[in-house]
Each structure stands twice: as structure tokens, then as C-alpha cells.
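Given next are the chains, with one letter for each unit.
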Amino acid sequence: MSKFEPNEFVNDRYKAIEDRLKVVRKRLNKPMTLAEKIVYGHLDDPESAEMKRGVSYLRLRPDRVAMQDATAQMAMLQFISSGLPKTLVPSTIHCDHLIEGTTSPQPDREGKYGGEADLSHAVKTNKEVYDFLATAGSKYGVGFWRPGSGIIHQIVLENYALPGLMMIGTDSHTPNAGGLGMCAVGVGGADAVDVMAGLPWELKAPKVIGVKLTGKMSRWTSPKDVILKVAGILTVKGGTGAIVEYFGPGVDNMSCTGMATVCNMGAEIGATTSVFPFNKRMHDYLVATGRGSAASLADSFKDNLRADEGAEYDQLIEINLSELEPHVNGPFTPDLAHPLSKFAEELRKNGWPTELKAGLIGSCTNSSYEDMARAASVARQALQAGIKAKVPFTISPGSEQIRATIARDGIMEVFDKIGGTVLSNSCGPCIGQWKRTDVKKGDANSIITSFNRNFAARNDGNPATHCFVASPELVTAFAIAGDLTFNPEKDTLVGSEGQEIKLQAPNGDELPSRGFDSGAEVYQAPPSSMDERGKLSVKVDPASQRLQLLSPFKPWSGDDIKDAAVLIKAKGKCTTDHISMAGPWLKYRGHLDNISNNLLIGAINIENGKPNAVKNVLTGEEGPVPATARDYKAKGLPWVVIGDENYGEGSSREHAALEPRHLGGVAIIVKSFARIHETNLKKQGMLPLTFANPADYDKIDPTDRISILGLKTFAPGVPLTLEGKKKDGSTYQIQVNHTFNDNQINWFKHGSALNAMAAAFKSGKM
């Protein structure tokens, strides 16, 4: 499967997929989409699983897990708590999120800035996190990609992605691997722990949206424009619950890395993932990245790596690449799509700032060799006319291999001469890790990037920054012009001698003619010997403010819950960002107690209409939600949360489930749940319950005491009873429902899924 995993074989995976599909084909008896073949080819129980798109819940067996450093901290801390000696599925950690990018001299970097200075600073600043991840990886058999190695998705594409296989990754842009025909899905850390521990992964059977591509791109159009167009069609929610499957003759006119770009940004339309059928462009990329034998094997397996003739899609979109214009999307949302020919008009009509303040290319979405080569071909034309970039221009290489190769081939020199700043091989400004100093917060300004997301304040923390998204070559042209009304397909620039020049359409090799240069040694393999790993220890300083080993939650007492307090009765929308905010709290992702200080600080208290202000039922004083929860916990008082519709929607952040459990919560009782959050609560030993009658939400006052009855006979499909006691001593009873199955009830009784897992391992049942 990879040169880094000599004992894991593609042959074995393909045989297992074919064996499952033999069963599935007989049961379905119909042509299958590629998405169905890959997903159903990974069923844990193909003989009995219900397979209704958009309806059934599937139990799947992914081939791989990948984690970025911000999310890997809690995932590895949870895995350590399971008691298992090693991961049971090939897994990797990638240090890419914690490196802050700079584009001007910085005092904390000895007056330096850019890639080398930023990487050196990050290694010092995040040393304890990197040491923990490195030692945890070594002890538990997880490959470790050091800081500076590159962005998780580019590293996966270069080394691990394989046609027809399935992986999960703790980052929303994991679908990037779909460019190599892999079903790759972004998940929360709790799901990653399950898979690493050898448990099946649950996924609602996705619908399948087909995108038929015909024709061939020309002039300034690139693969990025395909997904910018699709985002405009489907919007940010149009792909929810679906896999987007590309097919048609136009597919063969796109590079493998171009297909990866399309899949990567599919996360912006809410899609479960996106995928392309295996073809020669994928074959050539596998060969170029040292995986020729896997390419040959995929050739022999190709019938399972494309849709059957006559396969049906839940929705069908057709795009003629010959007619597709370059696009610019934004601002503030990635689905506001503008064809280049109409972009200047839209800028003026909406009053968006036309003066460009910065251009940024690279990131996990567009940092391939082809991307860099095409952008450099535009820059060379400007240099020949004596023109440099008129605004700060940054380049984020996707991996050390890309950086080393473009440095060897002179592309880096072109970027340097035009005035660009090459950042480290990491996410940087794409995820907000940008120490921007040229614009004050609150000042309206425009930037353009080849990244994927452009929500307000996403890149620089300034909600007034208008961020637009386009291809790297178009971003480069705009950076040279310094004006967003410039259209390189028809407008001219003025050279250093007053001459007018028109930029010619970009060009660049799909793959380097001299092969890839692997660059510096950036990978740390775990010891192959169990004995050797057993002697290792994981580095966590007990006094650390960023890392904290987890203590197992207490198992169920065996009794009903009696007289719990209502910590907060939340009004209206309560997403995982309301429950566990991001931003400055991200540095505590590895320290459960510290990050718990953001518990529900964004939720609106129905009692007073304010966030982070609740009345302590023991003292009568008003205070912050986390502090009140801590007081209840210290005094042995259990508590519950009362919530509204779709509680816990948004990012599948496991901290939003860990924190209430850590601070003494026992149940979350709402009108309805977002499914992933409901599952995450179950995994932490919480009771996610829903009102049988949603109107019963109104019966509960924040000062009521809540008992939950029926736990001694807790069983699937059997409702529980909520008994409320008012201040005057009067009581009421209402029915609350749950979706626990037998396995999940076992989690509850043990105190958490991890506790149940550890118990099963100790008893020899795993």
C-alpha cells in the first residue's frame, strides 16, 4: 500500500472488495455507480446490510486513517485511553496546522519572515505537542510526518491514496484523495479512534450526485474552475449527504492532481466526498510517485474502479469543459460564482473593493507541480516585460517533495524574482494561520487565493477582508495587475518601458520531466517490533497547559439519574461552535480541562437572552457556564442541558461531546440532534435524548430539577421518562426518546465507548 508500510498490501484489499461486491451485486441486481462500488465494497456485513441510498446506516471497514496535528492530539489521547497496544488500521499523523505564516519581518523570528523562519518558530513554540505526537506515533504504530513535511492531503496523495480504497481523515478536505479514485471522508476524532481500534465505522448510505464532464479545457480554464462552477450550481449545502461522482469523456482531459483539486473543494458544497474513475492520468501519477506496481494492479481491477453502464444518479449535472469559463468565487462564501468575463461588473455593482491587497497560491487545494508550473508561466511573462507583483504574493507548497522539485526546476526562482514570499510546507493562511500586518482589522480590503474556503475572517481574522477564490494562475495574474477588474484574457499590462503586453494563457507540465525530488527527510516510521514499542513512553508533562492525558470516565452507577440541575436551557441554534468554540481555543485541543473552559459559552440562555451567563441553582448567583458546571461537579450535583432543534450541527468536533461529560453532565435533552454529535455524545457515556413531543421543551424551567427514569431496564427502542420537579415541589412527567442500540447501551454502562473497548481488550474479546 505504501513504501512506508511494507507489510500492508493492495492485493489483499482488492480481493476483499471483490469478495464483498460479489455478494452486493447479487443482492442489488442493478448497475452500480463507482461510489456504490467503493462504499459497498467496504461493508462490514455485505450479506445483511441494508443498502438504501440516503436512508440506511452502513458499517464500513476503511483501509486507512490520517490525522492532522490539531485534531490528532485528542484522537491519540483517546486511543491511549483504550488500552490497545497498537492501531489495527494503517494510520498517520501530519504536522501541518500549527505553523503560522508571515509575510513581513517579525520580532519573534529575529526580524525574519517566510517559510524557514516560520517553521523554526513553530518547532520551538509547539515542541511539546510535536514531541507528544511523535512519541505517541512511535509507541502505537502510527507514521509521523514532521513539521515542514507538507499538508496532510498532499502527503496522502503522494504516498497513500490508491484507487478503489477507502480512508477517513480528521480534516474536512480529506476528499482530496478522490483525485486518485479513493473514497476519502473527513470525520471527527472519535470516529478515527474507532477505526484505529479495529471497530467498524458508521456512515449513512450516501446519495450519489453525478457530474458528467465533456469537452476539453483551453486558454485560462483549469480544473479549479470545474469545482467553482459546481459550487455555484449546488451551493454550500447542495452536496450534503451525497458523494459527488465525476464521469464522462472530459475526465480524461484532466490531470490527476487537477481531479484532486476538484475533490478537495467538494467539501465546500457539503458533500460526504467526491471521486473520479480510474484512468491513465491516475496511472501516470502513481508511476511518477513511485507506485508503479499499484498502478498495474489498478489496471487489472479497473472494472471495479468505474461506474457500470446504466448506473443511476440521484441528481445529474453536465458541464462542457470546452465552454467552461475561468471563475472567481466569493466574497464571504465559496459558492458565489462569477465567470471571469462578468467579474469586474459584479465587483462594481456590489461595491466590493477592486484594489487588490494580497494574492496567495498553494495550500492543499492547489499546490501540485502543474499548479506551480502554470502560475510560474504567467509570472515569467511579466518578468520578461520588467513587471513584478504589485501586491504581497505568497506561495504555500503542498509538500516537501513539491518544494524541492520546484526549487530544482527553477520555478521557485521565478516566484522569488517577481516578489513572492514562499511560506512553509503547511496550511498557513488557508486555515487562518497568517500573521498579517499590512491591513488593520476592520478595514475593508480584497484578497484573492487559490485556497478552498473564504468565509468572513477565515484567512486573516479580519471580518472586513473580502476573499475571492480562483485558480493559482489567475491569482498570479491578479497579483501582477494589483486590480481585480483586470481580465487577463482581454486586458493588457504596461511593461517597464511603457510597452503594452497581453498575458498569454498559462501552461505547465502535468508531472516533472526529471521526476520528483523527495527533498529533506521528513518521515518518522514507528518501530516495527512490538517489544521495542512497548519500551517507549509518551511524552506529556503533567504541568503542561496544552496536553493532558485522559482519565477514564466513571461507569454508570446502576441507578436512575435523580434531581439533576439544568445547567442551561439553550434557545435557538446551538452548533458545535456554540458548544465548543474554535479560534484561540484551538491551542488547547490536547488539554481537555483547559478547553472545557469554553463549554457552551456561545449558547443563548433562554432565561435572560444572554450567552455565557446562567444562574447557579445552589448559590443563586449568575456566572459563566463552565464555572457553574465546575461548581456543580465539585459538589456532586449532576446536570443536564435542554436544547432546541438540530442541536450540535456543524463540525463533528469531539470536544463538544467530551467537555460536558468532563464537567459533570449526564444528559443532553433536545427537540432534535445533528446525527454526528448525537453519536459523539453516546461515545462519551452521555445520554442524548429527544422530547417525544417537541412542545415539552416549553414545560421545563431552568430552575427545575430533572430525574431520568427507566435506566435499569434501558433497552433499544424503549423510551425513558423525564420527571421534572418545580421550585414549589410540584412534579411532571414527559416521555423522552433515544436511538441507542445494544452496543451503544454497553458504552453507556461502561461510562464511554473507550471504557467498553478497553474492557473488551482486557477480557480478550478484541
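The rules behind the values
- Residues numbered from 1 in each chain as written.
- Predicted model: local features only at pLDDT ≥ 70, side-chain atom pairs only at ≥ 80, totals over all residues.
- Heavy atoms only, no water.
- UniProt positions renumbered as here; feature names shortened; annotations may be inferred.
- 1 Å grid on protein atoms, 1.4 Å probe; cavity = no way out; pocket = protein on both sides within 12 Å on 5 of 7 lines; lining within 4 Å.
- Points joined across faces, edges and corners; volume = space filled by probe spheres on them.
- Helix = DSSP H or I, 4+ residues; strand = E, 2+ residues; numbered from the N terminus.
- Nonpolar A, V, L, I, M, F, W, Y, C, P; charged D, E, K, R; others polar.
- Core = buried A, V, L, I, M, F, W, Y, C linked by side-chain atoms within 4.5 Å.
- Buried < 20%, exposed > 50% of the residue type's maximum accessible area, 1.4 Å probe, protein only.
- Contact = heavy atoms within 4.5 Å.
- Pairing = 2+ DSSP bridges.
- Axes fitted to C-alpha atoms, helices over the stretch in contact; angles between N-to-C directions.
- Phe/Tyr/Trp six-rings, centres within 6.5 Å; stacked < 30°, edge-to-face > 60°.
- Lys NZ or Arg CZ within 6 Å of the ring centre and 35° of its normal.
- Parallel < 35°, antiparallel > 145°, perpendicular 65-115°, else oblique.
- Left-handed = near helix turned anticlockwise from the far one by under 90°.

With an unreviewed UniProt entry as reference, the chain is termed Aconitate hydratase, mitochondrial, source organism Gonium pectorale. UniProt, in the comment section headed Subcellular location (unreviewed entry), describes the chain in these words: "Mitochondrion". Quoted straight from UniProt, the Pathway (unreviewed entry) entry for the chain says "Carbohydrate metabolism; tricarboxylic acid cycle; isocitrate from oxaloacetate: step 2/2."

**Q** Report on empty space enclosed by the protein, specifying residues and quantitative values.
**A** Overall, the coordinates contain nine cavities of 30 Å³ or more when judged by the stated rule. Quantified by volume, the largest cavity comes out at close to 90 Å³. If you go around the largest cavity, the residues you meet are Gln78, Ser81, Leu550, Ser551, Pro552, Phe553, Leu592, Leu658, Gln684, Ser752, Leu754 and Asn755. Secondary structure elements with two or more residues in the lining of the largest cavity: α3 (69–82) and α24 (753–762). The space that makes up the second largest cavity amounts to roughly 70 Å³. Together, 14 residues line the second largest cavity, and Ser222, Pro223, Asn366, Glu370 and Asp371 are the ones closest to its centre. Elements with a contribution of two residues or more to the lining of the second largest cavity: α8 (223–234), α9 (256–264), α13 (369–384) and α16 (472–481). Split into classes, the residues belonging to the lining of the second largest cavity amount to two nonpolar, seven polar and five charged.

**Q** So, the nonpolar core: which residues are in play, and what are the values?
**A** Of all hydrophobic cores here, the largest spans 129 residues; its most connected members are Tyr40, Leu213, Tyr246 and Phe276. Excluding residues within four positions of it along the chain, tyrosine 246 makes contact with Val211, Leu213, Val226, Ile227, Val230, Val251, Val262, Ser274, Val275, Phe276 and Pro277. Ranked by size, the runner-up nonpolar core spans 45 residues in total, among them Ala373, Ile406, Leu493 and Leu503.

**Q** Can you explain the sheet that holds strand β3 (residues 91–94)? Please cite residues and give values.
**A** Ordered by their spatial adjacency, six strands build an open sheet running β7-β6-β2-β3-β5-β23, and the pairing between neighbours is mixed. A single partner strand is all that each edge strand has here, and the edge strands are β7 (183–186) and β23 (523–524). As judged from the four bridges shared by strand β2 (residues 64–68) and β3, these two strands associate in the parallel manner. Pairing of glutamine 68 across the sheet is with histidine 94, part of β3. Strands in contact with helix α5 (residues 127–140) are β3, β5 (143–145) and β23; relative to β5, the strand with the most contacts, it is inclined by about 155°.

**Q** Talk me through the layout of surface pockets; I want residue IDs and the actual numbers.
**A** By rolling a water-sized probe across the atoms, one finds the places where empty space is left. Roughly 770 Å³ of internal volume is contained in the second largest pocket. Mapped by element, the contributors of at least two residues to the lining of the second largest pocket are β24 (561–569), α20 (625–634), α21 (655–662) and β28 (665–670). Per-class residue counts for the lining of the second largest pocket are 14 nonpolar, nine polar and six charged.

**Q** So, the packing of aromatic side chains: which residues are in play, and what are the values?
**A** Scanning all chains against the criterion turns up 19 aromatic pairs. Judged by centre distance (6.3 Å) and plane angle (70°), the rings of phenylalanine 343 and phenylalanine 478 are edge-to-face. Here phenylalanine 343, found in helix α12 (residues 340–350), pairs with phenylalanine 478, found in helix α16; they are 135 residues apart in sequence, far enough to count as distant. As far as burial versus exposure is concerned, phenylalanine 343 and phenylalanine 478 are alike and both buried. Ring pairing ties together the aromatic residues Phe4, Trp145, Tyr160 and Tyr523, which thus form one cluster. A cation sits over an aromatic face here: lysine 682 above phenylalanine 740, 5.1 Å from the ring centre.

**Q** Outline the packing of α3 against α5, supporting the account with residue identities and numerical values.
**A** Contact geometry for α3 and α5: axes closest at 10 Å, N-to-C directions at 45°. Put simply, α3 runs oblique to α5. Both α3 and α5 take part in a crossing whose hand is left-handed. Contacts from Asp69, Ala72, Gln73, Met76, Leu77, Phe79 and Ile80 in α3 reach Val129, Tyr130, Phe132, Leu133, Ala136 and Tyr140 in α5. Of the residues in the contact of α3 with α5, the class split is eleven nonpolar, one polar and one charged.

**Q** So what's going on with the packing of α9 against helix α10 (residues 280–288)? Which residues, and what values?
**A** Orientation of α9 relative to α10, taken along the N-to-C sense of each, is 105°, at an axis distance of 8 Å. Between α9 and α10, the interaxial angle falls into the category roughly perpendicular. Along the contact surface, α9 presents Cys256, Thr257 and Met259, while α10 presents Arg281, Met282 and Tyr285. Classifying every residue of the contact of α9 with α10 by side-chain character gives four nonpolar, one polar and one charged.

**Q** Provide a residue-level description of the sheet that holds strand β27 (residues 639–643), including the pertinent values.
**A** With mixed pairing, the seven strands of this closed barrel are ordered in space as β24-β27-β28-β29-β32-β31-β30. When the angles between neighbouring strand axes are averaged without regard to direction, this sheet yields 40°. Here β27 pairs with β28 via five bridges, running parallel. Residue pairing in the sheet places tryptophan 639 in a bridge with glycine 665 of β28. Lying over the sheet, α20 contacts β24 and β27, oriented at roughly 165° with respect to β24.

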